[in-house]
Amino acid sequence: MHISEGVLSLPVLITGAVVAATGTIIGLKKMDSEKLISVALLSSVFFVASLIHIPIGPSSAHLIMSGLMGLLLGWAAFPAILTGLLLQAVLFQYGGLTVIGVNTATMALPAVACQYMFRPMLNKNALNMSIGAFLCGSLSVAFSAILTALALSFTDESFISAAQMIVYGHIPIMIIEGFICASAYGFLQKVRPEMLLATQDT
């Protein structure tokens, strides 16, 4: 869901940078030494998963894993995603440095929002936990696609058709990430429940 450089208007770039900086500061303040390994691990997962992407107009479609990052990291998803995007921009020229704020905001903000929305479902029975994790994984991608589309639409009306393509193009990814998030969360619930307890204070 990387937006390329030279596409967005200055107000959109500034807004994205402010949101990303604010989220990253909050995430760093909430990140303790016990969570550092999880942040590094999930940042690496994000880095690898989003390298395989399909171009859609001025953006692209790829796995994000933001729902799982939100569930496991909370606000720390901001610095984790920012780190992954920075490495991709420097090493592979995906996205770019000027749009890194917008790209971070469009992926990390939905991750944190979905964590707050669906966290109550995760503390109930196994069925509710699976449904909550699935919705967190799928809707985080949906919200990211919508935010990316809005960033393009607010830049220029000529991007509206491309913005619609981005939302439609991510529907299969929403479903895939929903299942990945539900499966991964269920697995961690059985083998590493202490990783999930850390999210209660985020």
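The coordinates are above.
Residues numbered from 1 in each chain as written. Predicted model: local features only at pLDDT ≥ 70, side-chain atom pairs only at ≥ 80, totals over all residues. Heavy atoms only, no water.

## Topic: the environment of Ile64
What counts here: The numbering of helices and of strands both runs from the N terminus, where a helix is a DSSP run of H or I of at least 4 residues and a strand a run of E of at least 2.
Mapped onto the elements, Ile64 comes out in the loop between β2 (59–62) and α3 (66–73). When the C-alpha positions of Ile64 and Ser144 are compared, they lie 9.5 Å apart, and in sequence the two are 80 residues distant.

## Structural notes on the layout of surface pockets
The gaps of empty space that remain are located by a probe, the size of a water molecule, rolled over the atoms. Which entries qualify depends on this criterion: Cavities and pockets are found on a 1 Å grid laid over the protein atoms alone: a cavity is a set of points where a 1.4 Å probe fits but cannot escape, a pocket is an open set with protein on both sides within 12 Å along at least five of seven lines, and a lining residue has an atom within 4 Å of such a point. Grid points are joined across faces, edges and corners, and a volume is the space filled by probe spheres set on the points. Following the grouping adopted for this structure description, the nonpolar residues are Ala, Val, Leu, Ile, Met, Phe, Trp, Tyr, Cys and Pro, the charged ones are Asp, Glu, Lys and Arg, and the polar ones are all others, Gly among them.
Empty space within the second largest pocket amounts to approximately 240 Å³. Taken together, Val12, Thr15, Gly16, Val19, Val102, Ala105, Thr106, Leu109, Leu147, Leu150, Ala151 and Phe154 make up the lining of the second largest pocket. Broken down by secondary-structure element, the contributors of at least two residues to the lining of the second largest pocket are α1 (10–30), α5 (100–122) and α6 (126–155). Across the lining of the second largest pocket, the residue classes break down as nine nonpolar, three polar and no charged.

## Quick look at the packing of α3 against α6
The line we're drawing: Angles shown run from 0 to 180 degrees and are taken between the N-to-C directions of axes, each axis being a line fitted to C-alpha atoms and, for helices, limited to the stretch in contact. If an angle is under 35 degrees, it is roughly parallel; if it is over 145, roughly antiparallel; if it lies from 65 to 115, roughly perpendicular; otherwise it is oblique. If you view the pair so one helix is near and one far, a crossing is left-handed when the near helix is turned anticlockwise from the far one by less than a right angle, and right-handed when it is turned clockwise. Here, two residues are considered to be in contact whenever any of their heavy atoms come within 4.5 Å of each other.
Put simply, α3 and α6 touch, their axes get as near as 7 Å, and they point 125° apart. With respect to α6, the axis of α3 lies oblique. In terms of crossing hand, the pair formed by α3 and α6 is right-handed. Along its contact with α3, which presents Ser66, Gly67 and Leu71, the element α6 presents Ala133, Cys136, Gly137, Ser140 and Val141. Of the residues contributing to the contact of α3 with α6, the split by class is four nonpolar, four polar and no charged.

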